[in-house]
Amino acid sequence: MNSASMQFVMSRRMEIYEPMHQIGMWGEDYKSSDILNTSTIIEPVRKLGSENTSQGHSGTLDFKYDQEASKPTDKVQRRLAQNREAARKSRLRKKAYVQQLETSRLKLIQLEQELQHTRQQQGLYIGGGVEGSHIGLPASVNSGIAAFEMQYGQWLEEQNRLICELQTALSGHVTDIELQILVESGMNHYLELFRMKAAASKADVFYVLSGMWITSAERFFLWIGGFRPSELLKVLVPLIDPLTEQQIMEAFHLKQSCQQAEDALSQGMEKLQQTLSESVADGRLGEGSQHVPQTGTAMEKLGALVSFVNQADHLRQETLQQMCIILTIRQAARGLLALGEYFQRLKALSSLWATRPPCQPIS
Amino acid sequence: MQQAIPYKAWSLPLSNNHATGVTPKSTTELSVGALRDAVSENAVIVLARRGCCMSHVVKRLLNGHGVNPMMFEFEEIDESEILKELELIMTENDGKDKRRVQFPAVFIGGRMFGGLDQVMASHITGELIPLLKQAGALWL
């Protein structure tokens with residue numbers, strides 16, 4: 001490859017480089033900058049195809065180095081070779097960089113689509129609430145709910161951090177005291193969530209009851225505004241192996257007690273539904289809808305819903321605390337980790353589902 | 001000490017089961033009078049406003065343990081009177097108990113046990129059963 005094509009390559013790669021710099025790289029041997037410039041402009045096309053020709057002694061071109069061909073040949077050759085190599089590497093790097101950009105671009109598009117999908121899903125429910133017939137208020141109107149949504153976002157971040165800490169602690173060698181602290185943090189964090197939910201229920205109980213604040217897969221398992229304790233026990237207890245005979249029995253009794261309490265609450269909810277629909281059927285919606293002050297109005301019944309959510313959360317809290325009593329510290333830590341990961345996976349499942357390719361049949 | 005005599009409970013005039021639809025024409029005095037008897041003579045009694053769905057939950061929970069609690073339902077107008085009387089009963093039994101009565105309220109063995117919160121919590125921890133046995137509501 002002769003200098004002209006070499007120069008063409010180099011000037012293409014290093015656009016900011018002036019031809020003068022390239023002259024400088026080749027040393028002080030070539031003082032005729034004019035000739036170099038001329039050859040750069042005139043010769044590049046012809047010489048690109050002839051990479052294998054010797055460096056400067058082709059007859060077709062009045063090669064500038066002919067003048068001093070003999071003396072600096074080896075030096076020149078070496079430099080040309082180095083330049084070739086540098087140029088080649090540069091091209092490869094550029095190629096790799098561009099490929100990386102392309103991949104990132106695709107990933108970005110994918111993430112944006114995913115975001116749009118999940119927003120749409122949430123928006124479908126919230127959008128449905130804006131119509132006049134809906135009792136609940138969307139987050140944009142209800143400040144209590146808007147506050148809850150923001151707090152819940154922060155709660156999730158903290159939760160993920162706690163889960164990471166548990167993972168690290170359990171995979172390494174941590175003392176029981178350190179685990180104790182982690183377990184207490186985890187438990188307190190759930191208490192925090194129940195407190196937040198109590199406030200949100202006062203703002204809009206339907207928002208909490210219909211699970212508008214959680215992902216779709218979690219919503220599938222919804223029971224009175226949250227998870228069903230007995231179901232969770234069924235899922236998590238096997239993951240806390242090994243348990244002593246005593247512990248297995250206690251866990252079994254706890255699960256039974258949970259189920260009894262859940263049934264009692266569910267029946268209470270059913271009764272509420274019944275009396276509520278009776279009130280609605282009788283036209284007893286609330287004070288002011290008729291001249292005579294009404295008792296047993298639908299509005300009064302709806303107030304009871306808040307206590308149901310609170311009681312359900314209370315049951316969840318009691319169950320978690322009882323589990324901590326039954327288990328050793330290490331087991332409790334593993335249990336909390338399993339619980340946290342379970343919900344992380346449910347959220348991931350919701351994402352997967354939301355972004356599945358639309359035309360693919362589900363096998 | 002209060003004796004729990006279950007069979008006598010059924011004969012109380014103002015005890016009512018909402019399912020039968022029999023509405024007692026309870027004036028305040030009548031309610032309060034019967035209230036004392038009801039509390040002292042029943043091993044387990046649940047006091048709640050009429051139509052309260054939470055009382056249903058308490059009842060079901062206790063049923064699950066094989067206990068059929070006496071249900072004492074009152075009208076909203078009688079609530080304050082009933083509250084006063086209950087607090088009086090509580091001071092007579094155990095003056096140290098300063099808890100506020102929340103409805104539905106559960107009295108076991110003539111003493112104030114608590115509301116749905118307490119029932120739920122003790123149900124999960126397993127403390128409820130011994131308490132019920134002690135009051136003579138269970139014989140297992």
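The structure contained in this document is the topic of the report that follows.

Rules used throughout
- Residues numbered from 1 in each chain as written.
- Chains lettered and ligands numbered in written order.
- Predicted model: local features only at pLDDT ≥ 70, side-chain atom pairs only at ≥ 80, totals over all residues.
- Heavy atoms only, no water.
- Pairing = 2+ DSSP bridges.
- Helix = DSSP H or I, 4+ residues; strand = E, 2+ residues; numbered from the N terminus.
- Axes fitted to C-alpha atoms, helices over the stretch in contact; angles between N-to-C directions.
- Salt bridge = Lys/Arg side-chain N within 4 Å of Asp/Glu carboxyl O.
- Buried < 20%, exposed > 50% of the residue type's maximum accessible area, 1.4 Å probe, protein only.
- Core = buried A, V, L, I, M, F, W, Y, C linked by side-chain atoms within 4.5 Å.
- Contact = heavy atoms within 4.5 Å.
- Patch = residues over 30% accessible without salt bridge, like charges linked within 9 Å, V, L, I, M, F, W, Y side chains within 5 Å.
- Areas by Shrake-Rupley, 256 points an atom, 1.4 Å probe, with all protein chains shown as cover.
- Left-handed = near helix turned anticlockwise from the far one by under 90°.
- Buried area = accessible area lost by both parts, 1.4 Å probe.
- Polar contact = N/O pair within 3.5 Å; in protein donor to acceptor, adjacent residues only side chain to side chain.
- Nonpolar A, V, L, I, M, F, W, Y, C, P; charged D, E, K, R; others polar.

Glancing now at the sheet that holds strand S2 (residues 70-74) of chain B. All names here are of chain B. Taken together, 4 strands build an open sheet; the order of strands is S2-S1-S3-S4 and the sheet is mixed. Each edge of the open sheet is held by one strand with a lone partner, namely S2 and strand S4 (111-114). Each strand axis lies, on average, 30 degrees off the axis of its neighbour in the sheet, ignoring direction. Here strand S3 (residues 105-108) runs beside S4; their pairing, made up of 3 bridges, is antiparallel.

Quick look at the pattern of salt bridges now. Tallying each qualifying case throughout the model produces 19 salt bridges over all chains. A salt bridge links Lys-197 of chain A to Asp-313 of chain A; the nearest nitrogen and oxygen atoms lie 2.8 Å apart. Placement of the pair is Lys-197 of chain A in helix H7 (residues 176-203) and Asp-313 of chain A in helix H12 (residues 298-326), with a sequence separation of 116 residues. When its relative accessible area of 2% is taken as the criterion, Lys-197 of chain A is described as buried. For Asp-313 of chain A, a relative accessible area of 3% gives the class buried. A salt bridge links Arg-36 of chain B to Glu-92 of chain B; the shortest N-O distance between them is 2.7 Å.

On to the nonpolar core, then. Phe-308 of chain A together with Val-44 and Leu-132 of chain B are the most contacted members of the largest nonpolar core, which totals 87 residues. Each residue touching Leu-132 of chain B, except ones within four places of it in the same chain, is listed here: Val-44, Leu-62, His-65, Val-67, Ile-108, Ala-137 and Leu-138 of chain B.

The next thing to look at is a nonpolar patch on the surface. On the surface, Tyr-97, Val-98 and Leu-101 of chain A cluster together to form a nonpolar patch covering roughly 290 Å² of accessible area. Position of Val-98 of chain A among the secondary structure elements: in helix H5 (residues 73-130).

The subject of this paragraph is the packing of helix H11 (residues 245-281) of chain A against helix H3 (residues 53-64) of chain B. Two numbers describe a pair of packed helices, the interaxial angle and the distance between the axes. Where H11 of chain A contacts H3 of chain B, the axes come no closer than 8 Å and their chain directions differ by 145 degrees. Seen from above, H11 of chain A lies across H3 of chain B with right-handed handedness. When H11 of chain A is examined against H3 of chain B, the residues Gln-260, Ala-261, Ala-264, Leu-265, Gln-267, Gly-268, Lys-271, Leu-272 and Thr-275 of chain A are found in contact with a partner set consisting of Cys-53, His-56, Val-57, Arg-60, Leu-61 and Gly-64 of chain B.

The next thing to look at is the interface of chain B and chain A. Quite often, the size of an interface is put as the accessible area lost when its parts meet. Tallying the contact residues gives 17 residues for chain B and 21 residues for chain A. Summed over both partners, the interface of chain B with chain A buries about 1700 Å², with 67% contributed by carbon and sulfur atoms. The largest share of the area that chain B buries against chain A comes from Cys-53, Met-120 and Ile-124 of chain B, three residues that together contribute 35% of it. Our enumeration of links across chain B and chain A arrives at 5 residue pairs in polar contact (both at pLDDT 80 or more). Those elements that provide at least two residues to the side of chain B that touches chain A are H3 and helix H5 (116-125) of chain B. Of the residues that constitute the side of chain B that touches chain A, the class distribution is 8 nonpolar, 7 polar and 2 charged.

That's the geometry; what it means functionally is another story.
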